[in-house]
Amino acid sequence: MCNTDNSLFVCTTVGATRYLDEWLEGVKLLNPSIIAIARDLDRSEPLTPSDQYHVINYRTNKAWKGYELRHLDYESDFSIGLGIVKLMEFFLSRNETHFIHIDSDVIITETCAKKIYPLTWDNLTIVTPVIPRDRINEPNIKPMWFWDSTNFGLRRDLLEKMFNDIKQILNDPHPIDIKIHNVIRLHKPNSYREIREGVYHYIRGVKTPL
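Given the structure is predicted, the values throughout are model-derived calculations rather than measurements.

Let us look at the pattern of salt bridges. Applying the stated criterion to the full structure yields 13 salt bridges. Where Glu 96 meets Arg 94, a salt bridge forms, and the shortest distance between an N and an O atom there is 2.8 Å. Residue Arg 94 is classed as partly exposed on the basis of its relative accessible area of 27%. Between Lys 114 and Glu 110 there is a salt bridge, with the nearest N and O atoms lying 3.3 Å from each other. With Lys 114 and Glu 110 both in helix α3 (residues 110-116), this residue pair falls 4 residues apart, about one helical turn.

So this is what it looks like as structure tokens:
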């Protein structure tokens, strides 16, 4: 599956680790050169050491209040944003050509993986089923498609151009996902790919497809 001229750096930022084993099985379908996990030591569930992934630990000094409250008042946005910046820094210190971040509660299948290759895109969007954070407690709300999530990919040269702008988001990170995509659009990717098939998101503990 892997294009010999390109290589893939796959990563996530935790948070909750309860779906990580299933997440790993999905991202392995992408045949990445490395799998990296950024972990906020102040806001993460315990992470089992493994030779399957490289861990980048960092601290925000903001207490973890539990899985159900992790997005309360958008407190998680700075932690997620800083984790993504740490992952991008690590990526830029290596030689892979493509960076892709997939949330640890988003599961991809072979159908999705086959659409990501060949690595001819500058910018990749994995359309994800979500319930907006400010409506998560509404009993009858149904999942909807979301384009500007933290499930995205960037080619090295595009990431290099926009990296300083991504770091600036940390000064005012809410909403982190939309602000990242706004920066991407400002840099006008030449080649864009959108994936809608074979994507699942754990919402309220239920594995939800598009």
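Additional details are given in the paragraphs that follow.
Now for the nonpolar core. One finds Trp 23, Leu 30, Ile 100, Ile 102 and Ile 116 to be the most contacted residues of the largest nonpolar core, which totals 29 residues. Mapped by element, the contributors of at least two residues to this core are β1 (8-14), α1 (20-27), β2 (34-40), β5 (106-108), α3, β6 (123-126) and β11 (199-203). At 4 residues, α1 tops the list of elements feeding residues into this core. Dropping the residues within four chain positions of it, Ile 116 is found in contact with Leu 30, Ile 100, Trp 121, Leu 124, Ile 126, Arg 193 and Ile 195. In terms of nonpolar packing, the next biggest core, distinct from the first, is built from 28 residues, Cys 11, Val 85, Phe 91 and Met 162 among them.

Here we come to the side chain of Asp 77. Looking at where Asp 77 falls in the secondary structure, it is placed in helix α2 (residues 76-92). Relative accessible area serves as the criterion here: at 1%, Asp 77 is assigned to the buried category. Setting aside residues up to four positions removed in sequence, Asp 77 forms contacts with Arg 133, Pro 173, His 174, Pro 175 and Ile 176.

Along helix α5 (residues 176-186), the residues that are buried comprise Ile 176, Asp 177, Ile 180, His 181, Val 183 and Ile 184. Looking down the long axis of α5, one finds its buried residues gathered within 155° of arc, a one-sided arrangement. Packed against the buried residues of α5 are α2, β6, β8 (144-146), β9 (152-155) and α4 (156-169). At the exit of α5 stands Lys 188, carrying a positive phi of roughly 50°.

Definitions and cut-offs
Residues numbered from 1 in each chain as written. Predicted model: local features only at pLDDT ≥ 70, side-chain atom pairs only at ≥ 80, totals over all residues. Heavy atoms only, no water. Salt bridge = Lys/Arg side-chain N within 4 Å of Asp/Glu carboxyl O. Buried < 20%, exposed > 50% of the residue type's maximum accessible area, 1.4 Å probe, protein only. Helix = DSSP H or I, 4+ residues; strand = E, 2+ residues; numbered from the N terminus. Core = buried A, V, L, I, M, F, W, Y, C linked by side-chain atoms within 4.5 Å. Contact = heavy atoms within 4.5 Å. Arc of directions from axis to C-beta.

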